[in-house]
Structure formats: structure tokens, C-alpha cells
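Reading the structure
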Amino acid sequence: MNKSLAIPPLLVFDLDGTLADTAADLVSTLNAILTQEGLAAVSFKDARAMVGAGAKALLQRGLKANDVVVEEERLDQLFADYLDHYEAHIADESVLYPGVTAALDRFEAAGWNFAVCTNKFEAPSRLLLTALGIADRFKAICGKDTFAVSKPEGDALLQTIAKAGGDPRRAIMVGDSKTDIDTAHNAKVPVVAVTFGYTDLPVETFEPDRIIGHFDALWDAVEEISAVFHVA
Ligand SMILES: O=C(O)COP(=O)(O)O
Ligand SMILES: [Mg+2]
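Residues numbered from 1 in each chain as written. Chains lettered and ligands numbered in written order. Predicted model: local features only at pLDDT ≥ 70, side-chain atom pairs only at ≥ 80, totals over all residues. Heavy atoms only, no water.

The name an unreviewed UniProt entry gives the protein is Phosphoglycolate phosphatase, with Methylocella silvestris as the organism. Under the Catalytic activity (unreviewed entry) heading, UniProt states for the protein: "2-phosphoglycolate + H2O = glycolate + phosphate". (UniProt positions renumbered as here; feature names shortened; annotations may be inferred.)

In C-alpha cells:
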């Protein structure tokens, strides 16, 4: 049997804005830090689009919204405070998007494996997925700090696939932002974009291979890609 066919096909999921709607907890944490510093909170609407480039970028955008620039050392301290607060409130309001569990069940029954490739740090990612009851479904959970490189570098995805025991020729990325689509393009891995995440521009702008508005549509999108890319 063709050796590569012995390797199960792999779905690699982004986390924030793809598997889980985490914006409320991320923005609440940002505002807890801004308030602690005597600065104005940012509106959920404004801050939601800031999510996607990592927590430090979110923090910096919140400071910038207050026209405040802090030097590196102070930013590191605020970021440490941010992570402490976030880990204590990791899933106060965060929930899985509709259809995630059913989609994982269907693909698992068809022999697919799963991994996570996120710009959230690995520890809070594990904490969140455990709190949401699905951490043990992933062969690998890789965060911004798992490898020397992070998204949008293609190698962040390729190393995630390797860590999950997968084959890049039999892998598909699922994400919500330009960062994810660029990562997949850089790794030459097909990508399905979801429309319900935190992208500041419509995802079609970034030319994913397929676009879905609900996880119930993931099966057909992957079927189409698999036929084209000979994944499954
Ligand atoms: O934590 C972030 O800002 C982004 O995380 P994501 O890569 O899971 O979307
Ligand atoms: Mg995301």
C-alpha cells in the first residue's frame, strides 16, 4: 500500500475565531489591563477586529487606542498581567462555534485526525480547549510559542502537521483570518476559511480555497478540495 496513504488525512484548525468564539474573554482581559492602568476600555466592536495577531498585538492596539506608548519593559509586564488574567478567565464567555462537535465527529468517523495551529500561546490554548471539553481530540495543539516560528510562516503549519503525525499532502487548514490563509498558502496546504471569525476584511479578499459560513458546510468543502488535492 502506498505509504503516504497509511497516514490519516489531517484537518488543522485555527483556534480564535475558528473553533471558538473567544473575543469576549480576550477583550474583557484587554479592558481589565487598560482599566488597571487607569486607561479607557475599548469597545467590544472596535476590539473584536483587533483579535488575530496574538495577544500582545491586541494589548498594543488597546494602548494605541488610548494614545499611550509604553517602553518594552513595561509592555512585557502588562503582557504578563494580561496572560495571568486571561488564564483565570479563559472560558468565562468563550464557546465553541455551532457545529464544531458534529463536524469533528463526522470527520473522525471517516478516519481524519485533527490538530490546532494558533497564535494564542500553547498553555492558554490547551486550557481553553480543555475547558471546552475537546482538548483530547487533537493529535497536536501548537501555539505561537510552540515552535521558533509562528503564523503566517508556513513552517508553523508544517511543523504542526509533523507533530500530529500527518503528511502535508494530506492536510487541510481551517481558519478565520488573513494570517491563517497566508500561512496555508506559504505552506502550500489547501485552506478553508470561515466567515464568522475576526477578520477585518471579508475572507474572500485573501483567496482561500473554499469559504464556509457554518461548520455543517465543512464536509462538502473538504470533499471538493480532497478531490482536487487528492487529500483523503
Ligand atoms: O490569539 C490570537 O490573537 C489569534 O489566535 P488564532 O491564531 O487562534 O486566531
Ligand atoms: Mg483566528
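1. Quick look at the UniProt feature "active site" (unreviewed entry) in the protein
Residues annotated by UniProt as "active site" (unreviewed entry) correspond here to Asp14. Take Asp14: it is sitting in the loop between strand E1 (10-13) and strand E2 (20-21). Reaching out from Asp14, the side chain makes a polar contact with the side chain of Thr18 at a distance of 2.6 Å. (Helix = DSSP H or I, 4+ residues; strand = E, 2+ residues; numbered from the N terminus. Polar contact = N/O pair within 3.5 Å; in protein donor to acceptor, adjacent residues only side chain to side chain.)

2. Topic: the UniProt feature "binding site: Mg(2+)" (unreviewed entry) in the protein
UniProt's feature table lists "binding site: Mg(2+)" (unreviewed entry) at Asp14, Asp16 and Asp176, given in the numbering used throughout. Sequence-wise these annotated residues cover 163 residues; spatially they are packed, their C-alpha atoms never more than 8.1 Å apart. In this view, Asp14 contacts Leu19, Cys117, Thr118, Lys151, Met173, Val174, Gly175, Asp176 and Asp180; residues no more than four positions away in its chain are not counted. Within the structure, Asp14 has its side chain in polar contact with the side chain of Lys151 (distance 2.8 Å). Counting through the fold element by element, Asp16 comes out in the loop between E1 and E2. Given a relative accessible area of 13%, Asp16 falls into the buried group. Among all residues touching Asp16, those that are not within four sequence positions of it are Thr22, Leu26, Val51, Lys120, Leu128, Asp176 and Tyr198. (Contact = heavy atoms within 4.5 Å. Buried < 20%, exposed > 50% of the residue type's maximum accessible area, 1.4 Å probe, protein only.)

3. A short note on the pattern of salt bridges
Per the counting criterion, the structure on display carries 12 salt bridges. Between Asp14 and Lys151 there is a salt bridge, with the nearest N and O atoms lying 2.8 Å from each other. Taken together, the positions of Asp14 in the loop between E1 and E2 and Lys151 in the loop between strand E5 (140-142) and helix H7 (154-163) put the pair 137 residues apart, joining distant regions of the chain. A relative accessible area of 4% places Asp14 in the buried class. Residue Glu108 pairs with Arg137 through a salt bridge whose shortest N-O separation is 2.6 Å. Placement of the pair is Glu108 in helix H5 (residues 100-109) and Arg137 in the loop between helix H6 (122-131) and E5, with a sequence separation of 29 residues. A relative accessible area of 44% means that Glu108 is categorised as partly exposed. (Salt bridge = Lys/Arg side-chain N within 4 Å of Asp/Glu carboxyl O.)

4. Section: the site of ligand 1
The environment of ligand 1 is formed by Asp14, Leu15, Asp16, Gly52, Ala53, Gly54, Thr118, Asn119, Lys120 and Lys151. One nitrogen or oxygen atom from the side chain of Thr118 is found 2.6 Å from an oxygen atom belonging to ligand 1. Within the backbone of Asn119, one N or O atom sits 2.7 Å away from an oxygen atom of ligand 1. Burial of ligand 1 by the protein amounts to 96% of the accessible area it has alone, namely 280 Å². (Near = heavy atom within 4 Å. Areas by Shrake-Rupley, 256 points an atom, 1.4 Å probe, with all protein chains shown as cover.)

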